[in-house]
Amino acid sequence: DVLKKRKWVLLVWIVVGLIGAGLAFLLLPKVYRSSTLILVESQKVPTDYIKPMAVDTIEERLIAIQQQILSRTLLQKIIEEFHVYDEELKRQPLEDVIDLMRRDIKITMVDDRFHRNIQAFTISYDSDAPVLAMQVTNKLASLFIGENLKVREQLVEGTSEFLEQELFRVKER
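How each quantity is defined
- Residues numbered from 1 in each chain as written.
- Predicted model: local features only at pLDDT ≥ 70, side-chain atom pairs only at ≥ 80, totals over all residues.
- Heavy atoms only, no water.
- Helix = DSSP H or I, 4+ residues; strand = E, 2+ residues; numbered from the N terminus.
- Core = buried A, V, L, I, M, F, W, Y, C linked by side-chain atoms within 4.5 Å.
- Buried < 20%, exposed > 50% of the residue type's maximum accessible area, 1.4 Å probe, protein only.
- Contact = heavy atoms within 4.5 Å.
- Axes fitted to C-alpha atoms, helices over the stretch in contact; angles between N-to-C directions.
- Parallel < 35°, antiparallel > 145°, perpendicular 65-115°, else oblique.
- Nonpolar A, V, L, I, M, F, W, Y, C, P; charged D, E, K, R; others polar.
- Pairing = 2+ DSSP bridges.
- Arc of directions from axis to C-beta.

Visitor: Please provide a residue-by-residue account of the environment of isoleucine 79, values included.
Guide: In this fold, isoleucine 79 is placed in helix H4 (residues 72–82). Taking the C-alpha atoms as reference points, isoleucine 79 and methionine 101, separated by 22 residues in sequence, lie 8.6 Å from one another.

Visitor: Explain the nonpolar core to me, and be specific about the residues and the numbers.
Guide: Side chains that are nonpolar tend, in soluble globular proteins, to be buried together. Counting 27 residues, the largest nonpolar core has Ile78, Met101, Phe121, Tyr125, Val136 and Leu140 as the members making the most contacts within it. Counting only elements with at least two residues in this core, the list comes to helix H3 (58–69), H4, helix H6 (94–104), strand S2 (105–109), strand S3 (120–127) and helix H7 (130–172). In terms of residue count, H7 provides more of this core than any other element does, seven residues in total. Setting aside its immediate chain neighbours within four residues, valine 136 contacts Ile78, Phe82, Val84, Met101 and Tyr125.

Visitor: Tell me about the packing of H4 against H6, and name the residues and values.
Guide: It is the contact of H4 with H6, at a shortest axis distance of 10 Å, that shows an interaxial angle of 90°. As judged from the angle between their axes, H4 and H6 are roughly perpendicular. In this structure, H4 contributes Arg72, Leu75, Gln76, Ile78 and Ile79 to the contact, and H6 contributes Leu94, Glu95, Val97, Ile98, Met101 and Arg102. Of the residues assigned to the contact of H4 with H6, the class counts are seven nonpolar, one polar and three charged.

Visitor: Outline the sheet that holds S3, listing residues and values.
Guide: Taking strand neighbours across the sheet as the criterion, the three strands line up as S1-S3-S2 in an open arrangement whose pairing is antiparallel. Each of the sheet's edge strands pairs with one partner strand only, and the pair in question is strand S1 (32–39) and S2. Pairs of neighbouring strands in the sheet enclose a mean axial angle of 20°, with direction left out of account. As defined by bridge partners, S2 adjoins S3 across five bridges and the pair is classed as antiparallel. Within S3, the position partnered with isoleucine 105 by the bridge is tyrosine 125. Packing of H6 onto the sheet brings it into contact with S2 and S3, and relative to S2 it is tilted by some 40°.

Visitor: Please set out H6 residue by residue, giving values where relevant.
Guide: All of the buried residues in H6 are Val97, Ile98, Met101 and Asp104. The buried residues of H6 all sit within an arc of 110° when viewed along its axis, so they share a single face. Residues of H6 that are buried make contact with H4, helix H5 (86–91), S2, S3 and H7.

Laid out in structure tokens, this is it:
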């Protein structure tokens, strides 16, 4: 009975809600998010042959990755290459624009709630242009992968030199 008596009030509120949602959709700025998933692989050589040089967790790696990705030089390179925040650069100093870009970049660990030992993280970037969001995310991921390969290569070279020196020392004995 209450609904029958108040059906017009209920109908008016539903219409007002729909109109409000439509206006919010039209007036609020559109934000596009592009994200990429990066899988962190562990050492391939069995630990019986070569002990790992550093045993670090995905959390420790993620902290290092965030510092690497969010560095001033890397972000400035991306801002110049893709002309991101051109309007803001006219009004604000470069440091403020880089801080703005840091807020638009999100780095999160993948939840391993089923304990499958998955070590991965996502890098995402928010922009008002979908293509720009995709390009910046791809650039961030490729720069990270390139830098990570350099670091791993240096680590392998150091390990190789150490093993060669140890082998030479053992041969001399």
